[in-house]
Amino acid sequence: MCPTSPPLRTGTVAWGGDVNIGRRFHFRFERANARKALARIAPLAEADLTIVNLECVVATTGAEAIDKGERASYYFRARPEMLDTLVDGGVDLVATANNHSGDYGPEALLEQAKWLDRAGIGHAGSGQCRDAAFHPVIRRAGGLDVALFSVDATQESFAAEEDKPGIAWLDPRNPADWKTIMEPRISAARDLADVVLVAVHWGPNNRNAPDKSEIVGGHALIDAGADAVLGTSAHVLQGIEVYKNRPILHDAGDLLFDALTRSDTDSGVFTLDLDHRGVTAVRFTPLEIGFCRTLPYEGDAANAAVQRFSEKCAALGSALEQAGDGKGVLRIEPPDRAMSEQRPARTHTERTSISGLGAPRPEWLANDVPEDARIPEVLQIGEMELLGLRLSPDRLEKTGLIEVESWWRIPRPVGCDWRIDFRAEPPQPGEVGSWGLGCSHDPCDWMWPLSRWSTGQIYRDFYTLRPSKVANWLDTTLTLSVGLVSHRGKTQRVSLPHTVGFELSSKQGFAVLRKNPAKYEAPPLDAIEPTPEILWTAKQLEQITGGKWLVPPPEGWFVRSVTHKIKQHENWGFKAPKLVALIDQRMAMRHELSDFTSQPCWDLHKDLPQLQHKVAGAIVARPVEGVDPDFPLLQVSDPLHAILQLGAFARNRMKGKVVAITGSAGKTSLCQMLIQALGPNCNVSGTFGTNYNSRVGMLHQLANTPESTDVAVVEAAATAINAPKFQNIRLVRPDVGVITNISASHLRGNEGLKAVARRKANIIEGIAPGGILVLNRDIAFYGDFREHAARRNVRVLTYGQSEGADLRLSSYTQADGKVVVQFPHGQKLAFQIAALGLHMAMNSIAAIAVRLILGGPLKPFLAELSKFQPKPGRGAITSVKFNEKTLSVVDESYNANPASMQAAIEMVAAMPTANRRILILGDMAELGTNAAQYHRDLATQVHLAKPDTVLLCGPLMADLWDELHSKEMPSFSGEHYQQVADLLSDLDRFLQTGDAILVKASNSMKFARVLDFLQGK
C-alpha cells in the first residue's frame, strides 16, 4: 500500500491596520452605535483569525502628559468598555507595539494586558520586560497554528528593557540589524506554529509609500524567517511588496479612527490565504474610512479604490489584480517546506464584553480645590461649576502643549454628557492659531463622563491643549477660555483670567519659518499707474505692498532706490533719493530660509533715528520713535516681503530682458563682465555689491531696476534657485539662463556632484517656455541638463571646449590674452581679454553667447570685454609693497571650491613672474562628508603648477599638506597653519621681491586679512 499524504491544512488571517478606540470614540460609542463599527466589515468576521494594531492604551491608570520627546504629543487612552468594539468586530489578536501604547506610562500598559485578557483578545508587542514584549502570541487559524510578533520602530522612549516594562522596539536607524534580533525568536516560534507573522509599526505619518529604511527593515524580517510582514503607522495605505516570495504589507492604513478630517479616505482589510508554506494570496477589500466609522466601498467606487491601491503595489513591483467583485488579489507562490504534523487543538478564552467602570478612581476626585488653583468666584459653565484652575507653562518658548488642570462640580444631576472644551487663543486670528481646537473631552481625561457624576462631589480634570497652527515667528499672549459641547450643541464660551506668553526662541522660531516658507506674488500691472524714469512713487509703494503711510510723504515725492542693506546703502551705489526697509532677524530668516540664530538678535528699526537724514523715507513694521514728525513712514507687516513684492512687480513691468547666471564658480565674474561689456549700448542693471545672489538678493536687484532697463543681469545662488516651488526664480523669470560649470560646492552630508547639478539645473524652472539656456558643453551631467530643458521647452545654446559646442573655444593663449572662438558654421572670431586664465576665456565666450541672443553690435561689446578686470576677491591682480618687497598678488580670497581652486592654480602657473610663484591656500568650505578627499585631490594640480612655496591654512588643508608629501614629487618649501593669525605672523620669511602670489580660500576663512596684511592695512 502506498502511503497517503496528509491532507492540506489551510487557514485565513485578516489584517486590519490601526484602530484607535480612545479619545473622541468615547462619545460616539453609544450615540452613533460606534461599538458596532467593525461588525459591519465582513472580512473581519469571515477570516479564521483577525488581527489589528491597537493604536491606543486601554486603561484607567497611568501618568498624564508624559514626555514623548515630541513637539506636541497626542495621548490616546480608552475606557475599558470600548473593547466591545473589538469583541463585536471579531478581533482575535491585537498588536500593541506602537507609539501610543505607552502614552500613559508602564502602569497603564500593564493594566491594558489585563483588560485584553478579560475580553479574550490575544496580544503581542508589550510586556513586563524586553523578553515578554518580544514574545509572540499563538492562535489557531483554520487548520494552522499562527504566531504573531508585534514590534515598533517609532517610539524609542517606550522600549522595554530587562527590568522595565514597555514595548518591543527595533531601531529604525539600523534596520539591517533586525534580522539578528528577530531570527532566533522566529526560529523558536516555528517550533510551535506553522506560520509566523510580524506586525511592525514603522515610518512617518501620511506617506503614501515606504522609505528606504522600511524596505531594508522589511527584507530583514523576511530574511529572519517571517512568512509575512504586516505594517502600520502612516495612517494611509501603502503598497504590498513581495520579497523572496513572501509579502510585505507596508501599511494597512487606518481601520477605525477618530480623525475629524483626512485627505485620504481609502482603507482596507487584507485577508491572507495560508497553507503550511506561508501566504499563498493576499486579498484586498477596499474600505472608506471616516470619523469613528468605516464602511465597505461598493460598485464602481470599490473598483476605483482597488485600482488606486494596485498602483501603489505596482510601484513596489507587485501585481494586484482586480478580482471582479470590487476586491483585489495578489497571488504568491511561497517557498516550499515540509508540512508539520497537526498539533493538538489550542484552547483560548472566548471574546467577552467588558462592562463600564463601577466607580471613579481616587485621582479624579477631590475633597477641596488646592489653594493655588482657586479662582475668585465660582463660574457657572452650562450645567457645571468651575471651581479652580492651574495652567502650565505660563510661557512657551516652543510650539508645545499647554496643560490645563481644573476642578469642577455639578449642583444637580445632569442627563447629558457635556464635554469640557478649553482653548488658549491669541488676541487676533492669524499666523499663530489657537491651542485646543478639537480637544474637547469627557471629564477626567475621557474617563468619567458627566452623566456618572454625583452632585456636590468635586472632580479633577487634566488635559493637554495642542497647538493648531503656527505659521510665523511672532510673540503673542494666549488667553484661556472654556465652554461645553455635546450632541445638543455648545454653551457660550467664558474667557478666563489665565494667560500663557508665546515667545519663541530663535531656534524654535526658525524651525517654524522653515515649515511655513513665505509666498510671493505681484499685483497685476494694470492696477498700478506707470511713472516713466521714476523708480517708485508714494502711491505705487502703497498699492504694491498693501501698506499704509503712517506719515505720508509730500506731493511729488519719489525714490530712485530701495534697500534693507542700511550698512551698504552708501557704498553699493544706491541712487538718491533712497528708501530704506527696516527688517529684523526673523524676517531675514523667513525669506532666506537661512539660520542666523548664532548671531545676536537684531532689528534695524532702532537704527532709523541715526539714519533718517540720509534717506527719503522708510518701510517699517511698526511706528518708530525718535524720527522727525514729517519723516515718511510706510507701515507693512513685513518690510522684507515688501521689497520682494516690489521686485516681482518691477520684473513684470520691465520692457527689457533678464539674464540669470548660476554655476559653482565664475558666475560673479561673468555677471560683472556682461554688465561692463553691455554698458556702451544698453541700459544695464546689475547685481548690487559683489554677489548679492540669494533668494532675496535677486528680487532686491529687480526692485531697484527701472522700467526702462534694457538688460538686467542677475546672479543666482543655488539656494535662490531652489526656494520652495522654485517661486523666487519664477518671479525673476529670466529670458536667458546661464550655467557656467558644476563643481563640489555647498554639499550636504555625503552628497556628490549629482546633487549640485540637480540644484543648479532648477534655474530652468524659472525660464519661460521658449526661453534660452546658455550651457557649458563641458559640464558634468550635461545630458541631464538637456533633458530638463527639453521638458520645460527651453532652447539650449552651448559653449565650451568640447567638439559639439555651438560656440567652441578653439584656442586661448594666456600670455597675450588671445581667444579664438569657432561658430557652428565654421566661422572664427578672434579677440583679446585682459583678465587672466582659461576660466576667464570661458566666461568671455559665455558672455558672447548672451550678446548674440540679445542682439546688438558685437564690436563695441568685444572692445569692453577686452578691458574687463576681475574685482577684488574674485581674481584681481594687485601690485603691493610689503616690507620693501614688491609683490604681485592674485586676490581670490572671496570663494573657493575644487573647480575654482584648480582654475586659479592653473592661471598662476602660467603667469609671467620676475621671481617665484607662491600659493597661499585656505580651506574650501561646505564640501560635505568628503571634504578631506576634495582637499587631497588638489595635490596633483599643485604639483603640476610647480610652485616654489606652498602655504596652507585651516584644518582641512592639513589633508592636502599630508598628500603633497606622501609621494615622490618635486620639492618646494612651505608650511601648514591652523589659523590665519599664525600664517600672517610667519609670512614675511617666505616672501621675496618679484614673487607672484595666489591668495585663495572660502570666504569663511577670512583670507581678505591676508591682503590687508600685505597692503599694510
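The structure we're discussing is the one just above.
Residues numbered from 1 in each chain as written. Predicted model: local features only at pLDDT ≥ 70, side-chain atom pairs only at ≥ 80, totals over all residues. Heavy atoms only, no water.

**Some remarks on the overall build of the chain**
Spelled out, the test is: Going along the chain from the N terminus, every DSSP run of H or I of four or more residues is numbered as a helix, and every run of E of two or more is numbered as a strand. Three labels apply to residues, based on accessible area from a 1.4 Å probe with only protein chains included: buried if under 20% of the type maximum, exposed if over 50%, partly exposed otherwise in between. By definition, residues are in contact when any of their heavy atoms lie within 4.5 Å. Residue-level accessible areas treat just the shown protein chains as cover; the underlying method is Shrake-Rupley with a 1.4 Å probe. In this tally Asp and Glu are treated as negative and Lys and Arg as positive; neither His nor the chain ends contributes. Working definition for charges: the position is that of NZ of Lys, CZ of Arg, CG of Asp or CD of Glu.
Assigned secondary structure in the chain consists of 27 helices and 52 strands. Referenced to the eigenvectors of the C-alpha coordinate spread, the extents of the chain come out at roughly 100 × 90 × 60 Å. Counting over 1017 residues, the chain shows a buried share of 58%. Expressed as a percentage of contacts within the chain between residues at least 6 apart in sequence, the contacts between residues at least 24 apart total 70%. Entry remark: accessible area of the chain is about 41200 Å², with carbon and sulfur atoms responsible for 49%. Each charge class in the chain can be summarised by its mean position, and for the 109 positive and 117 negative side chains these summaries are 5 Å apart.

**Concerning the nonpolar core**
Stated precisely, the cut-off is as follows: Among buried residues, those of type Ala, Val, Leu, Ile, Met, Phe, Trp, Tyr and Cys that are joined through side-chain atoms within 4.5 Å constitute a nonpolar core.
With 83 residues, the main nonpolar core has Leu608, Leu773 and Leu921 as its most contacted residues. With 5 residues, the single largest contributor to this core is helix H22 (residues 898-910). Among residues more than four places away in sequence, those in contact with Leu608 are Val580, Leu582, Ala618, Val624, Val627, Phe631 and Leu633. The next biggest cluster of nonpolar side chains, apart from the first, holds 80 residues, and it includes Val91, Cys292, Ile402 and Val432.

**A look at helix H20 (residues 838-854)**
Quick note on the threshold: Multiplying one less than the number of residues by 1.5 Å gives the expected span of a helix.
Taking 1.5 Å per residue, 17 residues should reach 24 Å; H20 reaches 25 Å between its end C-alpha atoms and fits that length. Taken across its 17 residues, H20 has 12 buried, putting it largely inside the fold. Every buried residue of H20 is listed here: Met840, Ala841, Met842, Asn843, Ser844, Ile845, Ala846, Ala847, Ile848, Ala849, Val850 and Arg851. Positive phi appears at Gly855, one or two residues downstream of H20, with a value of about 85 degrees.

**Some details on the pattern of salt bridges**
Short version of the rule: Note on definitions: salt bridges are taken to be side-chain nitrogens of Lys or Arg within 4 Å of carboxyl oxygens of Asp or Glu.
Taken as a whole, this structure holds 58 salt bridges when the rule is applied. For Asp131, the salt bridge is made with Arg185, and the minimal N-O distance between the two is 3.7 Å. Residue Asp131 is found in helix H5 (residues 130-133), and its partner Arg185 is found in helix H6 (residues 178-190); the two are separated by 54 residues along the sequence. Judged by its relative accessible area of 48%, Asp131 is partly exposed. As a salt-bridge pair, Arg277 and Asp275 come within 2.9 Å of each other at their nearest N and O atoms.

**Description of the packing of helix H14 (residues 667-678) against helix H21 (residues 859-867)**
For the record, the criterion: Orientation is described by axes fitted as lines to C-alpha atoms, over the contacting stretch for helices, and by angles from 0 to 180 degrees between their N-to-C directions. Each angle receives one of four descriptions, namely roughly parallel if under 35 degrees, roughly antiparallel if over 145, roughly perpendicular if within 65 to 115, and oblique otherwise. A clockwise turn of the near helix away from the far one marks a right-handed crossing, whereas an anticlockwise turn of less than a right angle marks a left-handed crossing.
For the pair H14 and H21, the least separation of the axes is 8 Å and the interaxial angle reads 135 degrees. Considered as vectors, H14 and H21 are oriented oblique to each other. Judged by the sense of rotation from one axis to the other, the crossing of H14 with H21 is right-handed. On the side of H14, the interface is formed by Met673, Leu674, Gln676, Ala677 and Leu678, while H21 contributes Phe861, Glu864, Leu865 and Lys867.

**Looking at the sheet that holds strand E50 (residues 949-953)**
Spelled out, the test is: Strands qualify as paired when DSSP identifies two bridges or more between them.
The sheet built from 6 strands is open, its strands ordered E47-E48-E52-E49-E50-E51 with mixed pairing. Edge positions in the sheet fall to strand E47 (876-882) and strand E51 (973-977), since each of these pairs with one other strand and no more. Looking at each pair of strands side by side, their axes are set apart by 15 degrees on average, direction ignored. In terms of strand pairing, strand E48 (residues 885-892) meets strand E52 (residues 996-1000) through 5 bridges, oriented parallel. Within E52, the position partnered with Val889 by the bridge is Ile997. Along the sheet, helix H25 (residues 957-964) makes contact with strand E49 (917-922), E50 and E51, crossing E50 at roughly 150 degrees.

**Quick word on the packing of helix H10 (residues 538-545) against helix H13 (residues 639-653)**
Between two packed helices, both the angle of their axes relative to each other and the distance between the axes serve to describe the pair. What counts here: As a working rule, the residues Ala, Val, Leu, Ile, Met, Phe, Trp, Tyr, Cys and Pro are called nonpolar, Asp, Glu, Lys and Arg charged, and the rest polar, with Gly in that last group.
Axis separation between H10 and H13 bottoms out at 9 Å; the angle between their running directions is 105 degrees. Between H10 and H13, the angle is such that the two are roughly perpendicular. Residues Gln540, Leu541, Ile544 and Thr545 of H10 form the contact with H13, whose own contacting residues are Ala642, Gln645, Leu646, Phe649 and Arg653. Here the contact of H10 with H13 is built from residues that sort into 5 nonpolar, 3 polar and 1 charged.

**Observations regarding the packing of aromatic side chains**
Each aromatic ring pair is summarised here by two numbers: the centre-to-centre distance and the angle between the ring planes. Test applied: To pair, rings of Phe, Tyr and Trp, with the six-membered ring standing in for Trp, must have centres within 6.5 Å; the planes then decide the type, stacked if under 30 degrees apart, edge-to-face if over 60, and tilted in the middle.
In this structure the tally under the stated criterion is 17 aromatic pairs. On the numbers, 6.0 Å between centres and 45 degrees between planes, the contact of Tyr74 with Phe76 is tilted. Note on Tyr74: relative accessible area 37%, which makes it partly exposed. Aromatic ring contacts, followed pair by pair, group Phe27, Phe291 and Trp446 into a single cluster.

**Details of unusual backbone geometry**
With an omega of -5 degrees, the peptide bond between Ser392 and Pro393 qualifies as cis. Relative to the elements of secondary structure, Pro393 occurs in the loop between strand E23 (384-392) and strand E24 (395-396). Between Ala576 and Pro577 the backbone carries a cis peptide bond, its omega angle lying at -5 degrees. Tracing the backbone through its elements, the reader meets Pro577 in the loop between strand E34 (561-563) and strand E35 (578-581). Phi at Ser233 takes a positive value of approximately 135 degrees, unusual for a residue other than glycine.

**Here's the deal with the sheet that holds strand E12 (residues 228-232)**
Taken together, the 6 strands give an open sheet; going across it, the order is E8-E9-E11-E12-E14-E13, and neighbouring strands pair in mixed fashion. The outermost strands of the open sheet, each flanked by one partner alone, are strand E8 (137-141) and strand E13 (237-243). On average, adjacent strands in this sheet sit at an angle of 20 degrees to one another, irrespective of strand direction. Here 2 bridges tie E12 to strand E14 (residues 246-252), and the two strands are oriented parallel to one another. When the sheet's bridge partners are listed, Leu230 is paired in E14 with Leu249. Here helix H7 (residues 212-223) sits on the sheet and contacts strand E11 (195-201), E12, E13 and E14; the angle it forms with E14, its principal contact strand, is near 140 degrees.

**Looking at the pairing of E35**
Residues Lys578 and Val580 of E35 are buried on one face, and the alternating residues Leu579 and Ala581, pointing to the opposite face, are buried as well. The pairing of E34 with E35 spans 3 bridges and is parallel. Looking at E35, one finds that Ser561 is bridged to Lys578. One ladder, built from 3 bridges, connects E35 with strand E36 (residues 617-620); its direction is parallel.

**Points about the pairing of E14**
Burial of E14 is extensive: 7 of the 7 residues sit out of reach of the surface. Relative to E14, E13 runs antiparallel, the two sharing 6 bridges. Paired with Ile240 across the two strands is Leu249, which belongs to E14. Between the end of E13 and the start of E14, which pair antiparallel, lie 2 residues, with Lys244 showing a positive phi angle near 55 degrees.

**Some points on the environment of Ala768**
In this fold, Ala768 is placed in the loop between helix H18 (753-761) and strand E42 (772-776). Through-space distance from the C-alpha of Ala768 to that of Val736 is 9.2 Å; in sequence the pair is 32 residues apart. Ignoring any residue separated from it by four or fewer positions in sequence, one finds Ala768 in contact with Pro734 and Val794.

**Things to note about the side chain of Arg851**
Position of Arg851 among the secondary structure elements: in helix H20. Of the side chains with opposite charge, Asp710 lies nearest to the buried Arg851, which makes no salt bridge, at 8.6 Å. Ignoring sequence-local partners within four residues, the contact set of Arg851 consists of Leu678, Cys682, Gly856, Pro857, Leu858 and Phe861.

**Regarding H22**
Rules: Between N or O atoms, a polar contact is any pair within 3.5 Å; within protein, one atom must be a potential hydrogen donor and the other a potential acceptor, and residues adjacent in sequence are included only when both atoms are from side chains.
For H22, with 13 residues, the first-to-last C-alpha span of 19 Å sits near the 18 Å given by 1.5 Å per residue. Taken residue by residue, H22 has Pro898, Ser900, Met901, Ala903, Ala904, Ile905, Met907 and Val908 as its buried positions. N-cap assignment for H22: the residue whose side-chain oxygen lies 3.1 Å from the backbone N of Ala899 is Asn897.

**So, the environment of His441**
Relative to the helices and strands, His441 resides in the loop between strand E26 (419-425) and strand E27 (458-465). Judged by relative accessible area, His441 falls into the buried class, the value being 0%. For His441 and Phe27, which are 414 residues apart along the polypeptide, the C-alpha to C-alpha distance reads 8.7 Å. Only 3.1 Å separates the side chain of His441 from the backbone oxygen of Cys439, close enough to count as a polar contact.

**Some words on the environment of Pro376**
Locating Pro376 in the fold gives a position in strand E22 (residues 374-381). Judged by its relative accessible area of 84%, Pro376 is exposed. Residues Pro376 and Gly388 lie 12 residues apart in sequence; the distance between their C-alpha atoms is 8.8 Å.

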